[in-house]
Number of protein chains: 2
Amino acid sequence: MHRRQLFAMAPALALTATAPATASASPADDAADVAALLAEYQAAWAASDAARMFRIATDDIHWVNVVGMHWQGKADVEEAHRVYLETLFRGVPMALEAVESVVPIGADVLAVVARWSVGAYTTPSGFEAPASIDRMSLILKRTPEGLRMAHVANIEVNARAQASNPIRPAPDAA
Amino acid sequence: MHRRQLFAMAPALALTATAPATASASPADDAADVAALLAEYQAAWAASDAARMFRIATDDIHWVNVVGMHWQGKADVEEAHRVYLETLFRGVPMALEAVESVVPIGADVLAVVARWSVGAYTTPSGFEAPASIDRMSLILKRTPEGLRMAHVANIEVNARAQASNPIRPAPDAA
């Protein structure tokens, strides 16, 4: 191949390489894509189906759960969820209260904060966890197949502490 | 400008656009850059200096703290920390226990999990929070000026729950 031909091809290659990252860059498209991903996550939860849940994840997803367990890579993240979805979370209702924010970080990534209400459940140690509100940070990667969960950190909202928030809550916030 | 000239320029433009994102893409460089950022964060904490702490943040940083407060944008994130650093966290020791993971997400972003030990403190409502271990997810954006905090979610580790972890902890994990 001639050098001239290589250069002539370069613009097309560059566009191909960046297309997935910018394919859904409008805020409206991002919001719709995020809503679809969260609906799929919720449906997988309701079905106690960890395999389904992590089809929308990257292979190297990391997950830090509400009690600070840190799972690294899809195999471990999926297995941990399989165990919990088939035991303590089976039949526990989970509803999306709000998507509080969708913020692009660079071209490839969206940072989302979603607020979930989760029903009461009993932990393996016998602790009866009451119904809670959780604020979940989802770091989503744009891929040619759509958004994928790349990092999740899930924090239980301490209702009593909110009165001491130095910042007035946003209208949508709990 | 001739159409041919436009095409000839395209490859150079594409390289320029991606250069900051790939400037420090080696794992060793990333680890060093992350260590430097965490050291600066810790120094700002020790100095009770919120302005210093958020010079290493993006303008649209979001932060979800250990009790689930969600602060949006540098002005609010910095003000919340100013209030807490000057009151309940003043003089409270915080030490880095481990950088558990550094995972690139696309070209622009690193997802880091760092484990901190934090001394006891008293909340505004009078609750005496005991010393804790926190797992902090830091989503860092590569910029021409270096890594910047773009999203942080900080989770207190529930020590009792760790015995029920379905996944054997990594050697480095608490």
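Conventions and cut-offs
Residues numbered from 1 in each chain as written. Chains lettered and ligands numbered in written order. Predicted model: local features only at pLDDT ≥ 70, side-chain atom pairs only at ≥ 80, totals over all residues. Heavy atoms only, no water. Least-squares fit on C-alpha atoms with pLDDT ≥ 70 in both. Contact = heavy atoms within 4.5 Å. Core = buried A, V, L, I, M, F, W, Y, C linked by side-chain atoms within 4.5 Å. Buried < 20%, exposed > 50% of the residue type's maximum accessible area, 1.4 Å probe, protein only. Helix = DSSP H or I, 4+ residues; strand = E, 2+ residues; numbered from the N terminus. Pairing = 2+ DSSP bridges. Axes fitted to C-alpha atoms, helices over the stretch in contact; angles between N-to-C directions.

Student: Would you mind going over the relation of the copies chain B and chain A with me for this structure?
Tutor: Here two copies of a chain appear, and what relates them is a rotation about an axis with a shift along it. At an RMSD of 0.0 Å, chain B and chain A line up after a rotation of 180 degrees and a shift of 0.0 Å along the axis. On the angle and the small slide along the axis, the relation comes out as a two-fold axis. By residue overlap, the copies meet face to face through one surface: 100% of the interface positions of chain B are interface positions in chain A.

Student: Which parts of the structure should I look at to understand the nonpolar core?
Tutor: Where a protein is soluble and globular, its nonpolar side chains tend to be buried together. Judged by nonpolar contacts, the single largest core of 39 residues is most densely connected at Y41(A), W45(A), W63(A), L138(A), L140(A) and M149(A). Contributions of two or more residues to this core are made by α2 (27-46), α3 (50-53), β1 (57-64), α4 (74-86), β4 (109-118), β7 (132-143) and β8 (146-156) of chain A. When residues of this core are assigned to their parent elements, the largest contribution, six residues, is made by α2(A). Once residues lying within four places of it in the same chain are set aside, the contact partners of W45(A) are M53(A), L85(A), F89(A), V92(A), P93(A), M94(A) and V118(A). Core analysis: the second largest hydrophobic core is formed by 38 residues, A161(A), A44(B), M69(B) and L147(B) among them.

Student: What should I look at first to understand the sheet that holds strand β2 (residues 70-72) of chain B in this one?
Tutor: Across a sheet, strands are paired by hydrogen bonds formed along the backbone, either parallel or antiparallel in direction. Residue and element names in this part refer to chain B. Across the sheet, six strands lie side by side as β2-β1-β8-β7-β4-β3; this open sheet has mixed pairing. Edge positions in the sheet fall to β2 and β3 (94-105), since each has one partner strand and no second. Averaged over all adjacent pairs, the angle separating strand axes in this sheet is 20 degrees, with direction ignored. In this structure, strand β4 (residues 109-118) lies alongside strand β7 (residues 132-143), joined through ten bridges in antiparallel fashion. Of the residues in β7, the one forming a bridge with S117 is I133.

Student: Please clarify how the pairing of β4(A) should be interpreted in this entry.
Tutor: For a regular strand, side-chain orientation follows a simple rule: the groups alternate between the two sheet faces. Residue and element names in this part refer to chain A. Of all the ten residues making up β4, nine are buried; the element is thus mostly covered by neighbouring parts of the structure. Pairing between strand β3 (residues 94-105) and β4: ten bridges, direction antiparallel. When the sheet's bridge partners are listed, V99 is paired in β4 with A114. Hairpin geometry of β3 and β4 is characterised by an intervening segment of three residues between the two adjacent antiparallel strands and by a positive phi of about 65 degrees at G106.

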